[in-house]
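Residues per chain are reported as follows:
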Amino acid sequence: MSETLSRDAIAEQIERLEYRHLAFIDGRFVAAQSGETFETLNPATGELLTHVAACNGEDVDLAVEAARRAFEAGVWSGLAPAERKVIMQRFADLIDANCLELAVLEALEAGKPISECYTVDIPDTANTIRWHAEAVDKLYDDVAPTSGDTVATIRREPLGVVGAVLPWNFPAMMAGWKLGPALITGNSVVLKPAELTSLSTLRLAELALQAGIPAGVLNVVPGLGHVAGKAVGLHPDIDLAAFTGSTEIGRRFLEYSAASNLKRVVLECGGKNPQVVMPDVTDLKEVASNVLAAAFWNMGENCSAGSRLIVHHSIKDDLLEEMLLQLERDWKTGDPLDPDVQLGALIEQAHMDKVMSHISQAKEAGVKVATGGMRLHEQSGGYFVAPTIFDDVPADAAIASEEIFGPVLAVIPFETEEEAIAIANDTCYGLAASLWSNDLNTVYRMSSAIRAGTISVNCFSEGDITTPFGGYKQSGFGGRDKSIYAHDQYCELKTTWIQLG
C-alpha cells in the first residue's frame, strides 16, 4: 500500500463508493425490523451522505441469537487457534487491500483528515487484527505448581458473545482494537458503531465474511446509543460488554450490567490529559511539535488528547512562541478530503456548539486567548473550529478541568515539581500523560507520581499494539483491549483440578 495520496485517486474512489447502510446480521445485510433509519451527514459540509438502518432491541436480539448460535455450533469457537489465525490474517489483508475505500468513508463521515485515515487509522486497524492473529497460537495454557498427587490446569476459554460499543472518533481503529482480541480468542461479536460513524464498520463486517469468518460470528447493529447501545448493555445473553466513549455513558454500562446478568464490562472512557514540561528541556522545537500533536491530532477529538500543557514558568513564553510558529506553518484546517489538511471538521453541529461554548465561557471569564477561538469555513456548512490555545490558565478554570474533546489547549504555568504533579493529578481522569525532562531521576520520580495509565516521556505517544491502553480513576477500567493482555479479558480462565490415584 502506497502512503502517497493523490487528489485524483481520492476523487475516483468517491465516484465508485458504495455505502453499506443496512444492519449486518448472521452474514447478511438486512433492514432494521422497524424499517426505521437515521441520517448520517458529512461534517465538512453538513450534507446528507445516506440513511442508515436504525436498529432497536429487536434487532439486537436477532444479532445476539445469531452470535450465540454460531458460538454454540463451534464454527468459529471450535476451530484451533492456528485455524482462526489464518482467517484473521486474511481479514487484515483485505482491510489493507481496501484501505483507500475505508479511509474515504471515514473522512466523509467523521470529518477526519484523509491523510490520517489512509496512513494511520486503517493500517492500524489491519495491524491490530494481524498482530492478535499472529499471537494467538503462541500463548500456552498453564499448569499450576501443585503437589505430586494432583494436577491443576488453567485454560483460556472464550466467554461466548461479546457486545462491543464503539465511539465516533476512531471508528475502524476502535473496531480493530475490540475485534482483534475478541474474535481471535473464539468469541462471537455484536458490534454497535456510533450512530454518527457506521459506514466503515459495516464495510469491515462484509470484509470479515469475505475473509472466511463464518456467518453469525460478527454482527453489526447500527442505531442510536440510547436504543441499540442500551439494548446491548442490558442483553441477558451477552457475556461481556466492551465500551469506549464518555465517562457518563460508561457509568450506564455498569448499571446495565447490574440490572441484567452481571456481564463483564470493559470501559475506556474520557480524559483530561496533562503534558508536563520541566525547565531542563533543551529542544523546544521538538517539544512544541509533540505538544501540538497531542493537543490537536484528530481535531482534539481524542480521549488521550494532551489538552493541559503544564509548563515551567521560565520557559513557558519561549515554548508558546515556538508552538504558535509551528501551528501557523504546519497545521492547515480545511476539507478533510484534501491530503494537505491536518485538521478536519468536528463531528457534528451539536458537538461544535459545545466546543464553542467552552471557548466563549473561558473568554468571558477573562482567560487570555493566544490564538484561535473562532469557527472557521462557516460558508462551507461544515463544523470547523480553529485550533485554540489559552495562555496563563488558572489550574482550577473550567477550560483546564472539563473534557472539551475539541482543538482547545490550556497552558498552565508552574513553579515547582511538586506543584506540577499536583496540577497533573488534579482531575477525575487518569488516562494518559506526557512528560518532558532531560533528567533521568526527574523522569522516574514524576512518571511514578503522575496517576495515568499510559505515560509518554519526551514524546507524545499512546504506546503501540504491544502495550496496554487504559486509565486510572474515571477514565475507565479494563479498557486495555489492544495488547496481548486483552486475550485474558475476553476469555474465561478455567481451572481443572485432577486428584491422581
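Throughout what follows, the structure given in this document is the object of discussion. (Residues numbered from 1 in each chain as written. Predicted model: local features only at pLDDT ≥ 70, side-chain atom pairs only at ≥ 80, totals over all residues. Heavy atoms only, no water.)

The next subject is the packing of aromatic side chains. This structure, assessed with the given rule, holds eight aromatic pairs. Relative to phenylalanine 29, the ring of phenylalanine 24 lies with its centre 5.0 Å away and its plane at 65°, an arrangement referred to as edge-to-face. On the basis of an interplanar angle of 20° and a centroid distance of 4.9 Å, the ring pair of phenylalanine 243 and phenylalanine 253 is categorised as stacked. Highlighted residues: phenylalanine 243 in strand E10 (residues 240-244) and phenylalanine 253 in helix H9 (residues 247-259), separated in sequence by 10 residues. The exposure class of phenylalanine 243 is buried, given its relative accessible area of 6%. Phenylalanine 253 gets classed as buried once you look at its relative accessible area, which sits at 3%. Over the face of the ring belonging to tryptophan 177 we find lysine 482, whose NZ or CZ atom lies 5.6 Å from the ring centre. (Phe/Tyr/Trp six-rings, centres within 6.5 Å; stacked < 30°, edge-to-face > 60°. Helix = DSSP H or I, 4+ residues; strand = E, 2+ residues; numbered from the N terminus. Buried < 20%, exposed > 50% of the residue type's maximum accessible area, 1.4 Å probe, protein only. Lys NZ or Arg CZ within 6 Å of the ring centre and 35° of its normal.)

Another aspect to go through is the packing of helix H4 (residues 99-110) against helix H7 (residues 199-211). Interaxial distance between H4 and H7 falls to 8 Å at its minimum, and their mutual angle equals 155°. Comparing their axes, H7 and H4 come out roughly antiparallel. For the pair H4 and H7, contact is made by Glu101, Leu102, Leu105, Glu106 and Glu109 and by Leu199, Ser200, Arg203, Leu204 and Leu207, respectively. Residues belonging to the contact of H4 with H7 are distributed by class as follows: five nonpolar, one polar and four charged. (Axes fitted to C-alpha atoms, helices over the stretch in contact; angles between N-to-C directions. Parallel < 35°, antiparallel > 145°, perpendicular 65-115°, else oblique. Contact = heavy atoms within 4.5 Å. Nonpolar A, V, L, I, M, F, W, Y, C, P; charged D, E, K, R; others polar.)

Turning to the sheet that holds strand E18 (residues 408-414), a few remarks are in order. Read from one edge to the other, the open sheet built from seven strands follows the order E14-E17-E18-E13-E12-E20-E21, with strand pairing classed as mixed. For this open sheet the edge positions go to strand E14 (368-371) and strand E21 (454-457), each flanked by a neighbour on one side alone. Across the sheet, the axes of successive neighbouring strands diverge by a mean angle of 25°, strand direction being ignored. Bridge count between strand E17 (residues 388-391) and E18: three bridges; the pairing is parallel. In the sheet register, phenylalanine 390 faces E18, and the bridge partner there is alanine 410. Of the strands in this sheet, strand E12 (274-277), strand E13 (308-312), E17, E18 and strand E20 (432-436) are in contact with helix H10 (residues 284-296), which crosses E12 at around 170°. Strands in contact with helix H14 (residues 417-425) are E12, E13 and E18; relative to E18, the strand with the most contacts, it is inclined by about 150°. (Pairing = 2+ DSSP bridges.)

Inspection of the secondary structure assignment puts threonine 467 in the loop between E21 and strand E22 (472-473). When the C-alpha positions of threonine 467 and lysine 482 are compared, they lie 7.5 Å apart, and in sequence the two are 15 residues distant. One polar contact links the side chain of threonine 467 to the main-chain carbonyl oxygen of aspartate 464, over a distance of 3.0 Å. (Polar contact = N/O pair within 3.5 Å; in protein donor to acceptor, adjacent residues only side chain to side chain.)

This brings us to the pattern of salt bridges. Summed over all chains, the structure comprises 32 salt bridges. Here aspartate 137 makes a salt bridge to lysine 85, at a shortest N to O gap of 2.9 Å. Separated by 52 residues along the polypeptide, aspartate 137 in the loop between helix H5 (114-136) and strand E5 (142-143) and lysine 85 in helix H3 (residues 81-97) bring together distant segments of the chain. In this structure, aspartate 141 and arginine 155 form a salt bridge, with 3.8 Å as the shortest nitrogen-oxygen distance. Remark: arginine 155 occurs in strand E6 (residues 150-158) and aspartate 141 occurs in the loop between H5 and E5; sequence separation between them is 14 residues. Three or more residues are tied together by salt bridges with common partners; here these are Lys316, Asp317, Lys368, Asp391 and Asp392. (Salt bridge = Lys/Arg side-chain N within 4 Å of Asp/Glu carboxyl O.)

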